[in-house]
Amino acid sequence: MATREELRAKYLTEDRPATTARGLHHTALIAGDVERTIGFYQGLLGFPLTELIENRDYAGSSHFFFDIGNGNLLAFFDFPGLDLGPYKEVLGGLHHVAISVDPARWDELVARLTDAGVDHVVHSEVSVYFQDPDGARIELIADPLGEMYGNKVL
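Definitions and cut-offs
Residues numbered from 1 in each chain as written. Predicted model: local features only at pLDDT ≥ 70, side-chain atom pairs only at ≥ 80, totals over all residues. Heavy atoms only, no water. Helix = DSSP H or I, 4+ residues; strand = E, 2+ residues; numbered from the N terminus. Buried < 20%, exposed > 50% of the residue type's maximum accessible area, 1.4 Å probe, protein only. Pairing = 2+ DSSP bridges. Axes fitted to C-alpha atoms, helices over the stretch in contact; angles between N-to-C directions. Salt bridge = Lys/Arg side-chain N within 4 Å of Asp/Glu carboxyl O. Polar contact = N/O pair within 3.5 Å; in protein donor to acceptor, adjacent residues only side chain to side chain.

> Outline the overall build of the protein, supporting the account with residue identities and numerical values.
Counting secondary structure elements, the protein contains three helices and 10 strands. In sequence order, the secondary structure elements of the protein are arranged as α-β-α-β-β-β-β-α-β-β-β-β-β. The principal-axis extents of the C-alpha atoms in the protein amount to approximately 50 × 35 × 30 Å. Here the protein holds 154 residues, and the buried ones make up 29% of them.

What follows is the structure, given as structure tokens:
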């Protein structure tokens, strides 16, 4: 197995080609309860709900979206009637979603989590990690887009 340094030498180049992507349209998670999820993401975190439509792939299911800035969306499906079980971290699955927030609002958001009794962990004074009502791990990070803990990543 190649080491991290071997992989960096092999794949990170100064003349990186332009990406074929335009951006992240949305990340879709699964919600156990639509109204609870709206209360958490819009009510607690301040991400406005932008649309709530029927899921085209599963009758009776909702597909709904929250504005997380810069034209990016965080989306959810609910699957009423399916017993999906609790959130589980698996290979190929979701580890966490990191959402950039204005540094001027970061302390306020951490205080909101505290006041709401949401367990959370602060890391490096710019990141806070917590779980949403269905167990998905979320990070709010105050570093600028394209940077992480003082390192340029884009």
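> Account for the sheet that holds strand E5 (residues 97–100), with residues named and values stated.
Spatial ordering of the open sheet is given by E5-E8-E7-E6, a layout of four strands whose pairing is mixed. Either end of the sheet is taken by a strand with one partner, and the two such strands are E5 and strand E6 (120–123). The mean inter-strand angle of the sheet, taken between neighbouring strand axes irrespective of direction, is 20 degrees. As paired elements, E5 and strand E8 (residues 137–141) share four bridges and run parallel to each other. Paired with Ala98 across the two strands is Glu139, which belongs to E8.

> For the pattern of salt bridges, give the residues involved together with the corresponding values.
Tallied over the entire structure, the rule returns four salt bridges. Here Arg56 and Asp57 are joined by a salt bridge, their closest N and O atoms 3.7 Å apart. For Arg56, a relative accessible area of 80% corresponds to the exposed category. The shortest N-O distance in the salt bridge between Arg105 and Glu108 comes to 2.8 Å. Note that Arg105 and Glu108 are positioned in helix H3 (residues 103–115) at a spacing of three residues, about one turn of the helix. The exposure class assigned to Glu108 is partly exposed, which follows from its relative accessible area of 31%. By sharing partners, the salt bridges in this structure join Arg105, Glu108 and Arg112 into a single network.

> Tell me what's going on with helix H2 (residues 34–44), and back it up with residues and numbers.
For the α-helix, the turn length of 3.6 residues means that residues three or four positions removed from each other point alike. Among the residues of H2, those classed as buried are Val34, Thr37, Ile38, Phe40, Tyr41 and Leu44. Sitting at the amino-terminal end of H2 is Asp33, which places a side-chain oxygen 3.1 Å from the backbone nitrogen of Glu35.

> An account of unusual backbone geometry is requested, with residue identities and associated values reported.
The backbone of Ser124 shows a phi angle near 60 degrees, a positive value even though the residue is not glycine. Checked against the element boundaries, Ser124 lands in the loop between E6 and strand E7 (127–131).

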